[in-house]
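Take a look at the letters that make up each chain.
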Amino acid sequence: MMKFYISATGIKKLTISSSSAVSSGRGGVGLPVCMKGKGLPPVTRRISHRTLLLPAVLVLGLLLTLLFFRITLIMLESAAFCSSPIGCLGWRIFGGSDSTLLREELMRALLEATNDGDNGIERSSTSLPSSFNDLVKDMTSNGQDIKAFAFKTKAMIMKMEQMVESARQSESIFWHLASHGVPKGIHCLSLKLAEEYAENAAARSRLPSPQYVSHLIDPSFHHVVLLTDNVLAASVVVSSTIKSSSIPERLVFHIVTDKKTYAAMHAWFAINSVNSAVLEVRGLHQYDWSHEVNIGIKEMIEIHRLICSHKLDSMKRENIPNKYEHEKDLQHLRPSCTSLLNHLRIYIPELFPDLNKIVFLGDDTVVQHDLSSLWELDLNGKVVGAAFDSSCGDDCCPGRKYKDYFNFTCPIISSKLDYDSCGWLYGMNVFDLQAWRKTNITATYHHWLKLNLNSGFELWNPGALPPSLIAFEGHVHRIDPSWHIAGLGYRSIINVTQSVLEDGAVVHFSGPAKPWLEIGPPEIRSLWTRHVNMSNEFIRKCGIME
């Protein structure tokens, strides 16, 4: 039998008795050690559940209190970081971490800013912060969400990209304008040599000496033609050619310059006579051309001047920060654009009526290997022997195709020329003047100049090469690329290995950074400067290359 005594304050005493109590001989009355709960009467189980109910309620109340504070904190944080606080709440309550949530929200906002095009940017760009610190201050002080942050960041980046592009365009233009400058050392050299020509009879001595005059028209000699008004550049071309030649005694140099440079040019080569080779210096004022040739030359240079002026005016109207994708778009800023000596090469047959075959060298070239075999080269009846872009090997002319020179939207161009044809290199060429005189190349050149004039100067980019490409169409013989390595003198170094550069017979600084200027890379300029006679009295007095 089981009895309970319960007072108002709880259970005071519990006595369990049974008539059938079993004594195991261990003494005393008590609950067997191995008795299981399931053997207790039903009353005992009900009292145990009630006893556990109060602690469970207390624990649940504590958990609900903590959950309330957690939800409140999440809501406050979500207001600052999420565009949808309710969505953030669900994510963070059910296992999402702060970093994962922020990353997801940021990605969603960035994608929305990207897909919105410029609409959101226009809305955000009304008051853009000027720096990242200002952006952070703006976002925190105004309590803006991640979406606003994404749009303002995109607007700031786009504005900075525009500023960088504008600065790049301006830098490119100023860099080209720097090529107009004549270094004070070269200017000094010309002045001192002109003074020497006036005061020193030796500087006015005849070039060449009388005993060598017959060599000037002798077809058995190797005739080199150079058109330049740069004394220092001419000295490098002559000295490098002689130094590289296996038979320098067969070389005859014909230097043509303008009237203002003639005295200085003559004085230099009269005082610093070349060994073995024969050399003459002639000024344009010394030529007695026919009236027809004089008119043609004046017309040619005037049209080229108008082409360059038109391009320059167009650039000014476009307010300079226009997009110039290639450096060819800035050819009109180069001094050669309006240089008479640069364009006069189309009149080489008239300049040298007694010569049959010549090698033409630009004054921005350096000869590194013997050129003797060029005069023996069979041009197969063609007028000019020329290399095509040699910086990338045979049959390769990236950036030098006709499409890079001509405007193929004009029917007169698209019907005449092939869009993908490679343009040949001007600056080291073999000319068969006998074959040239049998053609109408010079007349064709003038014809296309007039067509360009009448077409509003839209047929090609400024420069001497585009009209020459048309005039010599069908008259060009391809020579080995190693004869002529062009492309030096640009801001981006040509894609050519050092070994190919060294193996080139002639390296050509065809870009604006001529080797006598300081805007080119020193490692490339050294190919040219090594041929400057630093021990010369005039070079030292004028501080050349210092």
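In short, a report on the structure. Everything numeric here is computed off the predicted structure, so don't read it as measured data. Throughout this document, residue positions are counted from 1 along each chain, in the order its sequence is written. Reporting of local features is limited, given that this is a predicted model, to residues whose pLDDT is at least 70; pairs of side-chain atoms are given and counted only at 80 or more, and all residues count toward the totals for whole chains, interfaces and linings. Only heavy atoms go into the side-chain values, all of them from the structure, while hydrogens and water stay out.

### A short note on unusual backbone geometry
Most of the time, phi is negative for any residue but glycine, and the peptide bond is trans. Using the following cut-off: Each helix is a run of DSSP H or I of at least 4 residues and each strand a run of E of at least 2, with the numbering of both proceeding from the N terminus.
In this model, Leu207 is joined to Pro208 through a cis peptide bond whose omega is -10°. The topology assignment puts Pro208 in the loop between α7 (184-199) and β3 (222-227). With phi around 75°, Ser276 is a residue other than glycine that occupies positive phi space. Mapped onto the elements of the fold, Ser276 is located in the loop between α9 (259-271) and β5 (278-283).

### Overview of the nonpolar core
Let me state the cut-off plainly: Nonpolar cores were defined as sets of buried Ala, Val, Leu, Ile, Met, Phe, Trp, Tyr and Cys residues, with membership established by side-chain atoms within 4.5 Å. Each residue is assigned to one of three classes by its accessible area relative to the maximum for its type, calculated with a 1.4 Å probe on protein chains only: buried under 20%, partly exposed between the two thresholds, exposed over 50%. Pairs of residues are marked as contacts when any of their non-hydrogen atoms sit within 4.5 Å.
Formed by 59 residues in total, the largest nonpolar core has its most connected members in Leu189, Phe269, Leu361 and Leu371. No other element matches the eight residues that helix α8 (residues 231-244) contributes to this core. In this structure, Phe269 is in contact with Leu207, Ala234, Ser235, Val238, Ile255, Val274, Leu279 and Val281, ignoring residues within four places of it in sequence. Of all hydrophobic cores here, the second largest spans 51 residues; its members include Phe360, Phe408, Phe457 and Ile470.

### Some details on the pattern of salt bridges
Pairing between side chains of opposite charge can happen when the charged atoms of each approach one another. Convention followed: We count a salt bridge whenever a side-chain nitrogen from Lys or Arg sits within 4 Å of a carboxyl oxygen from Asp or Glu.
Applying the stated criterion to the full structure yields six salt bridges. Across the salt bridge formed by Glu302 and Arg305, the nearest N and O atoms sit 2.6 Å from each other. Remark: Arg305 and Glu302 occur in helix α10 (residues 291-317); sequence separation between them is three residues, near one turn of the helix. Judged by its relative accessible area of 37%, Arg305 is partly exposed. Three or more residues joined by partner-sharing salt bridges are found here, namely Asp229, Asp258 and Lys260.

### Side note on the packing of aromatic side chains
Using the following cut-off: Centres within 6.5 Å make a pair out of two Phe, Tyr or Trp rings, where for Trp the six-membered ring is used; the pair is then stacked when the planes are under 30 degrees apart, edge-to-face when over 60, and tilted otherwise. Each ring is checked for a lysine NZ or an arginine CZ that lies within 6 Å of its centre and within 35 degrees of its normal; such an atom marks a charge sitting over the ring.
Applying the stated criterion to the full structure yields 13 aromatic pairs. Note on Trp424 and Phe472: the rings are 5.6 Å apart at their centroids and 85° apart in plane angle, and the pair reads as edge-to-face. One end of the pair, Trp424, is in the loop between α13 (411-414) and β9 (428-432); the other, Phe472, is in the loop between α16 (465-471) and β10 (476-478), and 48 residues separate them in sequence. For the pair formed by Trp424 and Phe472, the shared burial category is buried. Site record: aromatic cluster; members linked through ring pairs are Phe360, Trp424, Tyr426, Phe431, Trp436 and Phe472. Above the ring of Tyr287, the side-chain terminus of Arg282 is found at 4.1 Å from the ring centroid.

### Overview of the sheet that holds strand β7 (residues 365-367)
Across a sheet, paired strands are connected by hydrogen bonds in the backbone, their directions being either parallel or antiparallel. Keep this limit in mind: Two strands are said to pair when DSSP picks up at least two bridges between them.
Across the sheet, which stays open at both edges, the three strands sit in the order β7-β12-β11 with mixed pairing between neighbours. The strands lining the two open edges of the sheet, one partner per strand, are β7 and β11 (484-485). The sheet contact formed by β11 and strand β12 (residues 506-508) spans two bridges and is parallel. Counted as the bridge partner of Ile485 is Val507 from β12.

### Some thoughts on the sheet that holds strand β6 (residues 357-361)
Stated formally: Every angle, taken between N-to-C directions, lies between 0 and 180 degrees, and every axis is a line fitted to C-alpha atoms, over only the stretch in contact when it is a helix.
Strand order in the open sheet formed by seven strands is β5-β4-β3-β6-β9-β8-β10, with mixed pairing between adjacent strands. With partners counted over all chains shown, the strands left at the sheet margins are β5 and β10, one partner each. Strand after strand, the sheet turns through a mean of 25° between neighbouring axes, direction not considered. This element, α8, spans β3, β4 (251-257), β5 and β6 of the sheet and lies at about 170° to β4. The sheet strands contacting α9 are β4 and β5, and the helix crosses β5 at an angle near 160°.

That's the geometry; what it means functionally is another story.
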